[in-house]
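A look at the structure
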Amino acid sequence: GCVTRGIGAAAAGETTPYRVAGRPASSKDIVEVRSPYDGKLAGTTSNATAADIEDAVAAAATADRALPAHARAAALDHVSRRLAERAAEVAALVTAESGKPVKWAAAEVTRAVSTFRWAAEEARRDSGELQRLDTDPASTGRLALVRRAPRGPVLGITPFNFPLNLVAHKVAPAIAAGCPIIVKPAPATPLTALLLGELLAETGLPEGAWSVLPMTNATAAELVADPRLPVVSFTGSVPVGWSIRDRVPRKHVTLELGGNAAAVVCPDWTDLAGAARRIATFAMYQAGQSCISVQRVYAHRAVYAELADRVVAEVRALRTGDPTDPATDVGPLIDEAAAGRVQSWVQEAVAAGARILTGGERDGATMAPTVLAGAPDDCRVNADEVFGPVLTLAPVDDVDEAFARINASRFGLQAGVFTHDLRTAFRASADLDVGGVIVGDVPSYRADQLPYGGVKDSGTGREGVRAAMDDLTEARTLVLTGI
Ligand code: NAD
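Residues numbered from 1 in each chain as written. Predicted model: local features only at pLDDT ≥ 70, side-chain atom pairs only at ≥ 80, totals over all residues. Heavy atoms only, no water.

Another aspect to go through is the site of the ligand. Around the ligand sit 26 residues, and of these T158, N217, S237, L257 and E385 come closest. Contacts to the ligand include T158, whose backbone N or O atom sits 2.7 Å from an oxygen atom. Separating an oxygen atom of the ligand from a side-chain N or O atom of N217 is a distance of 2.5 Å. Compared with its free state, where it exposes 840 Å², the ligand has 87% of that area covered by protein. Placement of the ligand is best described as lying within the largest pocket. Broken down by secondary-structure element, the contributors of at least two residues to the shell around the ligand are α7 (217-224), β11 (231-235) and α8 (238-247). (Near = heavy atom within 4 Å. Polar contact = N/O pair within 3.5 Å; in protein donor to acceptor, adjacent residues only side chain to side chain. Areas by Shrake-Rupley, 256 points an atom, 1.4 Å probe, with all protein chains shown as cover. 1 Å grid on protein atoms, 1.4 Å probe; cavity = no way out; pocket = protein on both sides within 12 Å on 5 of 7 lines; lining within 4 Å. Sits in = over half its atoms within 2 Å of the grid points. Helix = DSSP H or I, 4+ residues; strand = E, 2+ residues; numbered from the N terminus.)

Right, here's the structure in full:
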């Protein structure tokens, strides 16, 4: 969490600098960052001044974009290597500021290492396309070169739940594609983004290529409208994301928003114990604060009772507590208000007829991993994004019913289908209104090089290194005549 305090709350010399076109800077608007678990100080930084934000935007607008591919790839490889070298320290910082259990923080660092490595590879591969035009008699003697040109400076706005890897997903493709980028990290988790800035500063990328600027939401909202930043790449909540898109309809806006992801368990699935373990783990990991954590399970009646018993047993076996303990599976939510909201949604479901199979209790910001049965579809635990450690279980008559209930959602990020049947797998991909279907696993699987994103309220555009580079660039054609 974060608390904004006046100067004097921390000695100015100890605050982590923000980065203006790579250069370290600080202001008097000190931000204390504390662990949501025990309020322990993770560190301090400061909100960027208006003058520094102006400098960053001006530098991005005039940055040298003609950097050769080898230099972009080398910079990205450097960050990847340095993240791997400092992995334990980076994971500890993610845990300190977000309360994410350190074993999941370590997994996030591993992913960010790979996100930067993929971006380095894609920077080398990025070569455009040659099109012969003589397939049409009128175009005999012509040839086209189609290359991807950077759309221009990007404003990247990121959420608290992956303080490193979601910043990596903004920065790495932007550098690979040749777009200057200004990152505005989440107020609760700016320190990890600033540590990444420290590594970027080692690369010698040209001035203006990147900035990392903590700021208030009001300042961020103003910056969204700045005409010198033609691209806004936002990862965060549904209402904020779509309000940004509505405010700047002429900009290129990418939205990676929330969801209420579901898993389907088909009667042919042979390993119910394995499915239950994956469902329990990825419903509760990061205390449910992942956009694709499992929120709903639709299990065929033939397997429902056994699956429910196994899921409840797996959830009860999870260790809840201190996120700095390597044995901890489930830590606190980002703050006590979030945990209180999640608990009230559980209580609302219970009042509407749901049964608590395990959990339901709360201790400050820590919500006990909770499994519900019989929650009506229109309860918020089913219909909205819980973003907490709450899972609902429901029996279904067949795959058709499961798919219909998934498609009834206003969200559509990913879905998981536990089946061995190839026909069901293809049907899921054809019929489910989501950005991705994971067969044989939970919806929470993501490989960082894959296109990733949602439909309906869950967003627009795709990330995943290659897809993000496509998104950050546009085709420019060159036609050669008389050859
Ligand atoms: P949030 O929307 O509250 O904040 C996200 C970012 O937007 C933060 O940096 C915040 O400071 C900034 N912001 C807030 N108001 C703003 C405004 N008016 N103008 C400009 N910027 C503003 O989201 P959060 O609570 O940090 O993150 C949780 C949400 O993010 C969940 O809904 C989750 O599903 C979603 N998410 C989506 C993905 C994805 O890839 N689809 C990944 C992770 C998280």
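Taken residue by residue, α7 has A220, L223 and V224 as its buried positions. Within α7, the buried residues cover an arc of 105° as seen down the axis, which keeps them to one side. Relative to its buried face, α7 has exposed residues pointing more than 90 degrees away, namely A218 and E222. Residues of α7 that are buried make contact with α1 (50-62), β8 (154-157), β9 (181-184), β11 and α8. (Buried < 20%, exposed > 50% of the residue type's maximum accessible area, 1.4 Å probe, protein only. Arc of directions from axis to C-beta. Contact = heavy atoms within 4.5 Å.)

What follows is about the layout of surface pockets. Space inside the largest pocket adds up to approximately 910 Å³. As for the largest pocket, its lining consists of 41 residues, of which P159, F234, G236, S237 and V240 are closest to the centre. Taken together, the elements giving at least two residues each to the lining of the largest pocket come down to α7, β11, α8 and α11 (336-351). Taken together, the residues of the lining of the largest pocket break down into 24 nonpolar, 9 polar and 8 charged. By volume, the second largest pocket amounts to about 210 Å³. Looking at the second largest pocket, it is lined by 14 residues, and the ones nearest its centre are W104, R111, F282, Y285 and S444. Here the lining of the second largest pocket takes 4 residues from helix α4 (residues 102-125), the largest share from any one element. Taken together, the residues of the lining of the second largest pocket break down into 7 nonpolar, 2 polar and 5 charged. (Points joined across faces, edges and corners; volume = space filled by probe spheres on them. Nonpolar A, V, L, I, M, F, W, Y, C, P; charged D, E, K, R; others polar.)

Moving on to empty space enclosed by the protein. A complete count under the given rule lists 6 cavities of 30 Å³ or more for this structure. Approximately 140 Å³ is the volume found for the largest cavity. Tallied by class, the residues present in the lining of the largest cavity amount to 8 nonpolar, 4 polar and 4 charged. Estimated volume of the second largest cavity: approximately 110 Å³. Along the walls of the second largest cavity sit 13 residues, with D64, L67, I175, G178 and A209 positioned nearest its centre. Split by residue class, the lining of the second largest cavity holds 9 nonpolar, 1 polar and 3 charged.

Another aspect to go through is the packing of aromatic side chains. Evaluated as defined, the whole model comprises 5 aromatic pairs. Pairing W269 with F418 gives two aromatic rings, centres 5.3 Å apart and planes at 70°, and the pair type is edge-to-face. A residue pair is termed long-range when its members are at least 10 positions apart, and W269 in the loop between β13 (262-265) and α9 (272-284) and F418 in strand β21 (residues 414-418) qualify at 149 residues. By the burial criterion, W269 is buried, and F418 matches it. Linked through ring pairs, W104, F282 and Y285 together constitute an aromatic cluster. Above the face of the F162 ring, K100 is positioned so that its terminal group lies 4.1 Å from the ring centre. Its end group placed over the ring of W345, R341 keeps NZ or CZ at 4.7 Å from the ring centre. (Phe/Tyr/Trp six-rings, centres within 6.5 Å; stacked < 30°, edge-to-face > 60°. Lys NZ or Arg CZ within 6 Å of the ring centre and 35° of its normal.)

A word on the packing of α9 against helix α10 (residues 301-316). The interhelical angle for the contact between α9 and α10, taken along N-to-C directions, is 50°, at an axis separation of 8 Å. Overall, the two elements α9 and α10 adopt an arrangement that is oblique. Considering the relative orientation of α9 and α10, their crossing is right-handed. Along the contact surface, α9 presents L272, A273, A275, A276, R277, I279, A280 and M284, while α10 presents V303, E306, L307, R310, V311, E314 and V315. Counted by class, the contact of α9 with α10 contains 11 nonpolar, no polar and 4 charged residues. (Axes fitted to C-alpha atoms, helices over the stretch in contact; angles between N-to-C directions. Parallel < 35°, antiparallel > 145°, perpendicular 65-115°, else oblique. Left-handed = near helix turned anticlockwise from the far one by under 90°.)

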